[in-house]
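Results of the structural survey
Here is what each chain is made of, one letter per residue.
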Amino acid sequence: MGIWLGLVALSVFGQADYQALRKNMVDTQLKARDISNLATLKAMGKVPRHLFVPEKMRIYAYSDGPLSIGEGQTISQPYIVAYMTQALKLRPGSRVLEIGTGSGYQAAVLAEIVDSVYTIEIVEKLGLKAKKLLKSLDYDNITVRIGDGYHGWKEKAPFDAIIVTAGAEQIPEPLIDQLKDGGRMIIPVGPHRGVRQLVLVQKKGEKVKKKNLMAVRFVPFTRKKE
Ligand code: SAH
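The rules we used
Residues numbered from 1 in each chain as written. Predicted model: local features only at pLDDT ≥ 70, side-chain atom pairs only at ≥ 80, totals over all residues. Heavy atoms only, no water. UniProt positions renumbered as here; feature names shortened; annotations may be inferred. Helix = DSSP H or I, 4+ residues; strand = E, 2+ residues; numbered from the N terminus. Rg over C-alpha atoms; globule rule 2.2 N^0.38 Å. Buried < 20%, exposed > 50% of the residue type's maximum accessible area, 1.4 Å probe, protein only. Contact = heavy atoms within 4.5 Å. Areas by Shrake-Rupley, 256 points an atom, 1.4 Å probe, with all protein chains shown as cover. Lys, Arg positive; Asp, Glu negative; His and termini not counted. Charge placed at Lys NZ, Arg CZ, Asp CG, Glu CD. Patch = residues over 30% accessible without salt bridge, like charges linked within 9 Å, V, L, I, M, F, W, Y side chains within 5 Å. Salt bridge = Lys/Arg side-chain N within 4 Å of Asp/Glu carboxyl O. Near = heavy atom within 4 Å. Polar contact = N/O pair within 3.5 Å; in protein donor to acceptor, adjacent residues only side chain to side chain. Nonpolar A, V, L, I, M, F, W, Y, C, P; charged D, E, K, R; others polar. Axes fitted to C-alpha atoms, helices over the stretch in contact; angles between N-to-C directions. Parallel < 35°, antiparallel > 145°, perpendicular 65-115°, else oblique. Left-handed = near helix turned anticlockwise from the far one by under 90°.

Naming follows an unreviewed UniProt entry, where the chain appears as Protein-L-isoaspartate O-methyltransferase of Poritiphilus flavus. Turning to the chain, the UniProt record has this under Catalytic activity (unreviewed entry): "[protein]-L-isoaspartate + S-adenosyl-L-methionine = [protein]-L-isoaspartate alpha-methyl ester + S-adenosyl-L-homocysteine". Of the comments in the UniProt record for the chain, the one headed Function (unreviewed entry) reads "Catalyzes the methyl esterification of L-isoaspartyl residues in peptides and proteins that result from spontaneous decomposition of normal L-aspartyl and L-asparaginyl residues. It plays a role in the repair and/or degradation of damaged proteins."

What follows is the structure in structure tokens.
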């Protein structure tokens, strides 16, 4: 039970009722739009997004937009997280690679659906923080690595699905190579200044099919100096 106060649901104790906020997010931002995949909706309804944002931002965690997570990086809008997750057509046995761990939120959503998630973050401070948080939440099917995701994760390849959560100017070739036959990758592609396209890449035998899904804004994909 709680009362609605603008965006913030308060429990009888005056604390923000995160479960109510989360349910509201799923209903009004996801179901009301085009998110219909049950596993995605269930995962989004379960992962405590407020724990993945800085403490003073918690009451905004379930609002309909991206939020700053420090180090100049952002956690994507809930709708975008759900949209990208749904587009991967995951199955419980899928092995997934994420480039751009950030807060670890997207990795947690994936880990609710599949057996194993591998995620790479280039900013050490963020990667270590996400690793610690995910461990404290008992996500033992997520492996976090610090490094440049451009090269993918050869030892763990091939992947059923790859999700890139930083905007790239081009699709990194090693990621296409590490996708399974029949695998799907979703990646924002376009110039660093301006709007990018969320691209769905599908690998079928020797063929690589690319489809633009929608216009998006993402923080840039960066590279480590070799
Ligand atoms: N998926 C994240 C949001 C990520 S924001 C979440 O759910 O919170 C994009 C992240 O990609 C940033 O943390 C950024 O540091 C990281 N990144 C950018 N370029 C990268 C690269 N080459 N390899 C790995 N991570 C990268």
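Still to come is the rest of the account.
**Quick look at the overall build of the chain**
A count of helical and extended segments in the chain gives 6 helices and 11 strands. Expected size for 226 residues packed as a compact globule is a radius of gyration near 17 Å; at 17 Å, the chain falls within 12% of this value. Within the chain, buried positions represent 52% of all 226 residues. For the chain, the proportion of contacts with a sequence separation of at least 24, taken over those separated by at least 6, is 52%. Carbon and sulfur atoms provide 53% of the accessible area of the chain, an area that totals close to 11700 Å². In the chain, 34 positive and 22 negative side-chain charges are present, and the distance between their average locations comes to 2 Å.

**A look at a positive patch on the surface**
Taken together, the side chains of Lys89, Lys204, Lys209 and Lys211 define a basic patch exposed on the protein surface. Residue placement: Lys209 occurs in strand S11 (residues 207–216). What makes Lys209 partly exposed here is its relative accessible area of 49%.

**Side note on the UniProt feature "active site" (unreviewed entry) in the chain**
Per the UniProt record, "active site" (unreviewed entry) is found at Ser76. Looking at the element boundaries, Ser76 is found in the loop between strand S4 (73–75) and helix H3 (78–87). Classification of Ser76 as buried rests on a relative accessible area of 18%. Once residues within four sequence positions are removed from consideration, Ser76 is found in contact with Arg49, Pro66, Val81 and Phe218.

**Concerning the site of the ligand**
Neighbouring the ligand are 26 residues; Ser103, Glu121, Asp148, Gly149 and Thr222 lie closest to it. The contact in question runs from an oxygen atom of the ligand to an N or O atom on the side chain of Ser103, over 2.6 Å. A distance of 2.9 Å separates a nitrogen atom of the ligand from a polar atom in the side chain of Asp148. Counting only elements with at least two residues in the shell around the ligand, the list comes to S4, strand S5 (95–99), helix H4 (105–113) and strand S6 (116–121). Counting residues per element, the shell around the ligand draws most heavily on S4, at 3 residues. Of the residues contributing to the shell around the ligand, the split by class is 11 nonpolar, 12 polar and 3 charged.

**Quick look at H4**
The element H4 is largely enclosed, with a buried count of 8 among its 9 residues. Among the residues making up H4, those that are buried are Tyr105, Gln106, Ala107, Ala108, Val109, Leu110, Ala111 and Ile113.

**Considering the packing of helix H2 (residues 38–46) against H4**
Two numbers describe how H2 lies on H4: the axes approach to 9 Å, and their chain directions differ by 125°. On the basis of the axis angle, H2 is oblique to H4. For the pair H2 and H4, the crossing hand works out as right-handed. In this structure, H2 contributes Ala39, Thr40, Ala43, Met44 and Lys46 to the contact, and H4 contributes Tyr105, Val109, Glu112 and Ile113. Classifying every residue of the contact of H2 with H4 by side-chain character gives 6 nonpolar, 1 polar and 2 charged.

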